[in-house]
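Structural description and commentary
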There are 2 protein chains.
Amino acid sequence: MAKESFVEQIADIEKDFPQWYTDVVIKTKLVDYGPVKGTMVIRPYGYAIWENIQTELNKRFKQNGYENAYFPLLIPMSFFTKEAEHVEGFAPEVAVVTHAGGEELTEPLAIRPTSETIIGNMYSKWLQSYRELPIRINQWANIMRWEKTTRPFLRTSEFLWHEGHSAFATAEEAEEETAKMLDLYKEFAENCLALPVICGRKTEKEKFAGAVATYGMEAMMKDGKSLQSGTTHFLGRNFAKAFEIQFLDKDGSHKFAYTMSFGLSTRLIGALIMAHGDQRGLVLPPVVAPVQVVIVPIAAKKGGVLEKCAELKEKLEKAGVRVKLDDSDNSPGWKFNEWEMKGVPLRIELGPRDIEEGNALIFRRDTLEKTAYSLVGLENSVSDLLKSVQSDMLEAARVRRDNRIVYATDLDGILKGVDGGNFVKAGWCGCRECEDKVKAYAQATSRVFAEGESAESCAICGKKAERVIIFARAY
Amino acid sequence: MAKESFVEQIADIEKDFPQWYTDVVIKTKLVDYGPVKGTMVIRPYGYAIWENIQTELNKRFKQNGYENAYFPLLIPMSFFTKEAEHVEGFAPEVAVVTHAGGEELTEPLAIRPTSETIIGNMYSKWLQSYRELPIRINQWANIMRWEKTTRPFLRTSEFLWHEGHSAFATAEEAEEETAKMLDLYKEFAENCLALPVICGRKTEKEKFAGAVATYGMEAMMKDGKSLQSGTTHFLGRNFAKAFEIQFLDKDGSHKFAYTMSFGLSTRLIGALIMAHGDQRGLVLPPVVAPVQVVIVPIAAKKGGVLEKCAELKEKLEKAGVRVKLDDSDNSPGWKFNEWEMKGVPLRIELGPRDIEEGNALIFRRDTLEKTAYSLVGLENSVSDLLKSVQSDMLEAARVRRDNRIVYATDLDGILKGVDGGNFVKAGWCGCRECEDKVKAYAQATSRVFAEGESAESCAICGKKAERVIIFARAY
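Here the structure is a predicted model, which is why all the values come from computation and not from measurement. (Residues numbered from 1 in each chain as written. Chains lettered and ligands numbered in written order. Predicted model: local features only at pLDDT ≥ 70, side-chain atom pairs only at ≥ 80, totals over all residues. Heavy atoms only, no water.)

Things to note about the overall build of chain A
Along chain A, the regular secondary structure elements total 14 helices and 23 strands. Taken against the 2.2 N^0.38 rule, which gives 23 Å for 475 residues, the C-alpha radius of gyration of chain A at 25 Å falls within 12% of a compact globule. Projected onto its principal axes, the C-alpha positions of chain A cover 80 × 55 × 50 Å. A total of about 19100 Å² of accessible surface is found on chain A, and carbon and sulfur atoms cover 48% of it. Each charge class in chain A can be summarised by its mean position, and for the 62 positive and 68 negative side chains these summaries are 1 Å apart. (Helix = DSSP H or I, 4+ residues; strand = E, 2+ residues; numbered from the N terminus. Rg over C-alpha atoms; globule rule 2.2 N^0.38 Å. Areas by Shrake-Rupley, 256 points an atom, 1.4 Å probe, with all protein chains shown as cover. Lys, Arg positive; Asp, Glu negative; His and termini not counted. Charge placed at Lys NZ, Arg CZ, Asp CG, Glu CD.)

In structure tokens, the structure reads:
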């Protein structure tokens, strides 16, 4: 591979978005294919993004009373059959352990596709009295769902996620928590990932298997498709009844608890890439970027340049910036290309003339602008710039998205809308048949209800509309 | 359960150490049994210890050039057969996935019992040139080894761990890294866990399946038994040859890399418990204690007490202390018992009289001493005390251990030594038969070589001694 030309090896983002995605995730060393079909290796650069996501979410979970714990990977198959909808939804995707320790197991064990059942089983053991409610526990774990077609981050047999599981004395509290965690997700997605998400309730067809109601947040990718980036589920007493999660209430009677769960996975890294990336590669929002600033020395062999760069690096580190000094033998041009491809938010160029003039050039990855800043107090300029990049990225993504939300009043309108790479809002009567027709006719699915909006009639059957749905093609 | 009497429900530590252990881990809610035999649920209080361990280790790994990544859980069974010793060691313990997505798999998949094979496979794909060496990657993951007899933390079918895997151009570098990571473990164990560990090389019998040499760190539990708390392995070119981890060297020829690996698991939490615990329950070292200080209000209903406690809590939090204010309805005596059982290093008692006198009583969990400290600058006293507790716990454990290291010159001496709850140093000729005899006669195993020590003759067969071995009964 010729060193200077690797950027051209990324497929055209306008002409072949799927290939562009694959090229970017592989070439930037975010991820690689594992030896077993459908699995992925999350490489250090990708994993560092996930660690930053974990840090930000852990902070927020803790503020909301969540504690982390760890539940077993293997779940008895019989647990799944206890909740009728749940088994129907997950059984087809489960990976099954039948042998262990050289012997055949008496009961086959499922590798968790989600943990409501095993956590429900433990809650039933732990919970005694209303005094112990609410329970709020979160788990960071690997999950396995056997998928036919897979793509790194977006859909893989194994992925990493967090799953929060809580239990309450009343339906109201559990519903409130379901809404609150959706708000938490939205705030996190906007402020940390610069993703302007649309949140709302999902249809019966799209809900989590076993839930009373599922709420999702949807992000628009640059090809106009939607990526479900997180979901919260009000589970009512479905799992409490299946697993006997009961408590002795104040009035002396035993009652079933109300539970909810919520989860978000390494898919989000895929969302980041497809919502912000461009022809040069990744564009990462500063809050989760593994490297926020790269310093590239110009004419590095000239006296004092490397020293000044090292000094600057130390200063920025002290200011809490994740900074890298690229003092490799590669040419500046090569370094520019590489770090742009890797989506580093800011690049500082520092050469003999800059030092003489007391300036440094700062390149913004998001806007591709290059501006001179004084070396005096540069750490403050950098800190301000990182904040600007973060908020400007959110705003730019919001404008892109808002320009791509259209309304439709019939099936053809929905098809035309999604063909044009839009989210399409349309009235819906509430029946499954109409939802299925959209899928068949326009290869689009119901993402979430457009909260607070109403329509006269169903765009599919013409009957009275119950809700406005956002339809889109989706990852 | 009568509220005041739960502490008495812990078995006598002198008379029944195994039951004491089980009582402590269950009653303090560190852990619970999972529904599948041999699995455990790490509850929030236990998981918080693990998170503190992770934070401390991540800091150290990063300083040594390690980056975190994530490799797939499922490994093709055929990978294991590529390294002859490795398959022999691990195949009997492997859990196997035979079905997934509703179909039988064409090749059965192992749930990772360790990741040398799959990481070796990826390194062979990634590594091209000597310029890319060394590679230093660490993974935090769940691991499965199907065990016949299990105990929470100590031996479970599934556990959590970290595993570091690196590759070098030369044997010297890989050996140096193996020694360096053992030093890292020792420093971590001493300074964070207050565990005075003995580090050294292991015999052929006790080494990792597939390694050239394994080094371990052994910690003495209060019953005199040893707990292997971490191991580092020099793998030579065994895995490089099996998985074709090759690079183009400066001289233009292709060479196999030298690799090493090292790992440490949630077993360590078991070590913490059994090295420091006492009749009242846990005694946790401050660096990894989930709660470092608990504030217990005395006569909480009297005016100003709770306010003063809350004020103090805030002050300590600002000073970076993990502090809990127990403002529940339980009696102070009950709270004392509970937090002592949970091993919180410091308890601050604050009542109306203390406030009047401008003092607070501080109870040290490790020494059981209670002393009055001025409320003025109490955060500094607390911070100093936490440091003292940390170093005093290490020193106390060191004294306990050193009093229990004996020498033996024959098999009876070894038996008598381990029967008395000691580590036994004895000369060893170097042959497997003698090692096996110790196991049969004294139910003790070779832990590590006593580095720098020598003996005239083998305590078992009387022939010339090659090494001094530390024998012990072990977890």
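Looking at helix α14 (residues 432-442) of chain A
All names here are of chain A. Every buried residue of α14 is accounted for by Cys434, Glu435, Val438 and Ala442. What you see down the axis of α14 is that its buried residues fit within an arc of 105°, all on one side. Looking at α14, the residues exposed on the side facing more than 90 degrees away from the buried face are Glu433 and Ala440. Where α14 is buried, its residues meet α13 (411-419), β21 (423-428), β22 (445-449) and β23 (467-472). (Buried < 20%, exposed > 50% of the residue type's maximum accessible area, 1.4 Å probe, protein only. Arc of directions from axis to C-beta. Contact = heavy atoms within 4.5 Å.)

Focus on the sheet that holds strand β6 (residues 103-111) of chain A
Taken in spatial order, the six strands of this open sheet run β4(A)-β6(A)-β5(A)-β5(B)-β6(B)-β4(B), and their pairing is antiparallel. Edge positions in the sheet fall to β4 (74-76) of chain A together with β4 (74-76) of chain B, since each of these pairs with one other strand and no more. Taken over all neighbouring pairs, the strand axes of this sheet differ in orientation by 45° on average, direction set aside. Pairing geometry for strand β5 (residues 95-100) of chain B and strand β6 (residues 103-111) of chain B, over four bridges, is antiparallel. Within β6 of chain B, the residue paired with Val96 of chain B across the bridge is Ala110 of chain B. (Pairing = 2+ DSSP bridges. Axes fitted to C-alpha atoms, helices over the stretch in contact; angles between N-to-C directions.)

Focus: the environment of Asn64 of chain B
Residues and elements named next belong to chain B. Looking at where Asn64 falls in the secondary structure, it is placed in the loop between α2 (44-63) and β3 (67-68). Leave out the neighbours within four places in its chain, and Asn64 touches Arg136, Lys180, Met181 and Leu184. Polar side-chain contacts of Asn64 include one of 2.9 Å to the backbone oxygen of Arg60. (Polar contact = N/O pair within 3.5 Å; in protein donor to acceptor, adjacent residues only side chain to side chain.)

A look at the pairing of strand β18 (residues 359-364) of chain B
Residue and element names in this part refer to chain B. The pairing of strand β17 (residues 346-350) with β18 spans four bridges and is antiparallel. Bridging from a neighbouring strand, Ile348 pairs with Ile362 of β18. Where β18 and strand β19 (residues 370-374) come together, five bridges link them in antiparallel fashion. The partner of Phe363 across the bridge, within β19, is Lys370.

Description of the pattern of salt bridges
One pass over the full model with this rule turns up 60 salt bridges over all chains. Between Glu85 of chain B and Lys207 of chain B there is a salt bridge, with its nearest N and O atoms 3.7 Å apart. Linking Glu85 of chain B in helix α4 (residues 84-90) with Lys207 of chain B in the loop between β9 (198-201) and β10 (213-220), this pair joins segments that are 122 residues apart in sequence. Relative accessible area serves as the criterion here: at 16%, Lys207 of chain B is assigned to the buried category. Because the salt bridges share partners, they merge into one network encompassing Arg280, Glu340, Arg347, Glu349 and Lys370 of chain A. (Salt bridge = Lys/Arg side-chain N within 4 Å of Asp/Glu carboxyl O.)

Remarks on the interface of chain A and chain B
With 51 residues of chain A in contact, the opposing surface of chain B contributes 51 residues. By the criterion of area lost to chain B, the three top residues of chain A are Pro35, Pro44 and Tyr70 of chain A, representing 15% of everything that side buries. Remark: the boundary between chain A and chain B carries two salt bridges. Where Asp32 of chain B meets Lys125 of chain A, a salt bridge forms, and the shortest distance between an N and an O atom there is 2.9 Å. For the pair chain A and chain B, the interface holds 22 residue pairs in polar contact (both at pLDDT 80 or more). (Buried area = accessible area lost by both parts, 1.4 Å probe.)

With respect to the packing of helix α2 (residues 44-63) of chain A against helix α8 (residues 267-276) of chain A
Between two packed helices, both the angle of their axes relative to each other and the distance between the axes serve to describe the pair. Residue and element names in this part refer to chain A. Where α2 meets α8, the axes come as close as 10 Å, and the angle between the chain directions of the two elements is 105°. The angle between α2 and α8 places the two elements in the roughly perpendicular class. Facing Gly46, Ile49, Trp50 and Ile53 of α2, the residues of α8 in contact are Leu268, Ile269 and Leu272. Of the residues belonging to the contact of α2 with α8, the class tally is six nonpolar, one polar and no charged. (Parallel < 35°, antiparallel > 145°, perpendicular 65-115°, else oblique. Nonpolar A, V, L, I, M, F, W, Y, C, P; charged D, E, K, R; others polar.)

Description of the packing of helix α6 (residues 171-193) of chain B against helix α12 (residues 378-402) of chain B
All names here are of chain B. Contact geometry of α6 with α12 gives a least axis separation of 8 Å together with a crossing angle of 115°. Contacts from Glu190, Asn191, Cys192 and Leu193 in α6 reach Gln390, Leu394 and Arg398 in α12. When its residues are assigned to classes, the contact of α6 with α12 shows three nonpolar, two polar and two charged.

As for the relation of the copies chain A and chain B
By a simple turn and slide, chain A fits onto chain B: the slide is 0.0 Å along the axis, the RMSD is 0.0 Å, and the turn is 180°. Here the symmetry operator amounts to a two-fold rotation axis. Closest approach to the rotation axis within chain A is made by the C-alpha atom of Val97 of chain A, at a distance of 2.1 Å. Most of the interface of chain A is mirrored in chain B: 100% of its interface residues are interface residues there too. (Least-squares fit on C-alpha atoms with pLDDT ≥ 70 in both.)

Section: the confidence of the model for chain A
Here chain A averages 96 in pLDDT, and 98% of its residues register 70 or above. This prediction of the complex comes with two scores: 0.96 for pTM and 0.96 for ipTM. (pLDDT = per-residue confidence, 0-100.)

Quick look at the state of the cysteines
Residues and elements named next belong to chain A. For the coordinates displayed, the defined rule picks out zero disulfides over all chains. In this structure Cys199 is not part of a disulfide, and its nearest cysteine sulfur, from Cys192, lies 14 Å away. Free cysteine Cys429: the closest other cysteine sulfur is in Cys431, separated by 3.5 Å. Overall, Cys429 belongs to the buried group, its relative accessible area being 15%. (Disulfide = S-S within 2.5 Å.)

Quick notes on the environment of Arg43 of chain A
Within the secondary structure, Arg43 of chain A is located in the loop between β2 (40-42) and α2. Take Arg43 of chain A: its relative accessible area is 13%, and that puts it in the buried class. With residues near it in sequence (within four places) discarded, Arg43 of chain A still touches Lys29, Leu30, Val31 and Asp32 of chain A together with Ala69 and Trp126 of chain B.

A look at unusual backbone geometry
All names here are of chain A. For the bond running from Leu133 to Pro134, omega is -5°, close enough to zero to count as cis. For Pro134, the location among the structural elements is in the loop between α5 (116-126) and β7 (135-144). One non-glycine residue with positive phi stands out, namely Ala194, at about 55°. Residues other than glycine seldom take positive phi values, yet Ala299 does so here, at roughly 50°. Among the structural elements, Ala299 can be located in the loop between β15 (293-297) and α9 (305-318). According to the relative accessible area criterion, Ala299 is partly exposed, its value standing at 36%.

Some remarks on the nonpolar core
Nonpolar side chains in soluble globular proteins tend to end up buried together. With 162 residues, the main nonpolar core has Ile111 of chain A together with Ile111 of chain B as its most contacted residues. In contact with Ile111 of chain B, not counting residues within four places along its chain, are Leu73, Leu74, Val97 and Ile111 of chain A together with Leu73, Leu74, Ala95, Val97 and Met144 of chain B. (Core = buried A, V, L, I, M, F, W, Y, C linked by side-chain atoms within 4.5 Å.)

Quick notes on a negative patch on the surface
Residue and element names in this part refer to chain A. On the surface, a cluster of negative charge is contributed by Glu172, Glu173, Glu175 and Glu176. Within the fold, Glu173 resides in helix α6 (residues 171-193). Residue Glu173 is classed as partly exposed on the basis of its relative accessible area, which comes to 33%. (Patch = residues over 30% accessible without salt bridge, like charges linked within 9 Å, V, L, I, M, F, W, Y side chains within 5 Å.)

Overview of the side chain of Asn64 of chain A
Residue classification places Asn64 of chain A among the buried residues on the basis of a relative accessible area of 19%. Here Lys180 of chain A takes part through its side chain, which lies 3.5 Å from a polar atom of the side chain of Asn64 of chain A.

A closer look at the packing of aromatic side chains
If you walk through the whole model with that rule in mind, you get 26 aromatic pairs over all chains. Between Phe61 of chain A and Trp140 of chain A the ring centres are 6.4 Å apart and the planes differ by 40°, which places this aromatic pair in the tilted class. Residue Phe61 of chain A is found in helix α2, and its partner Trp140 of chain A is found in strand β7; the two are separated by 79 residues along the sequence. Judged by its relative accessible area of 1%, Phe61 of chain A falls in the buried class. For Trp140 of chain A, a relative accessible area of 11% translates into the label buried. Measuring from centroid to centroid gives 5.7 Å for Trp50 of chain B and Trp140 of chain B, while their planes differ by 80°, and the two rings are edge-to-face. (Phe/Tyr/Trp six-rings, centres within 6.5 Å; stacked < 30°, edge-to-face > 60°.)

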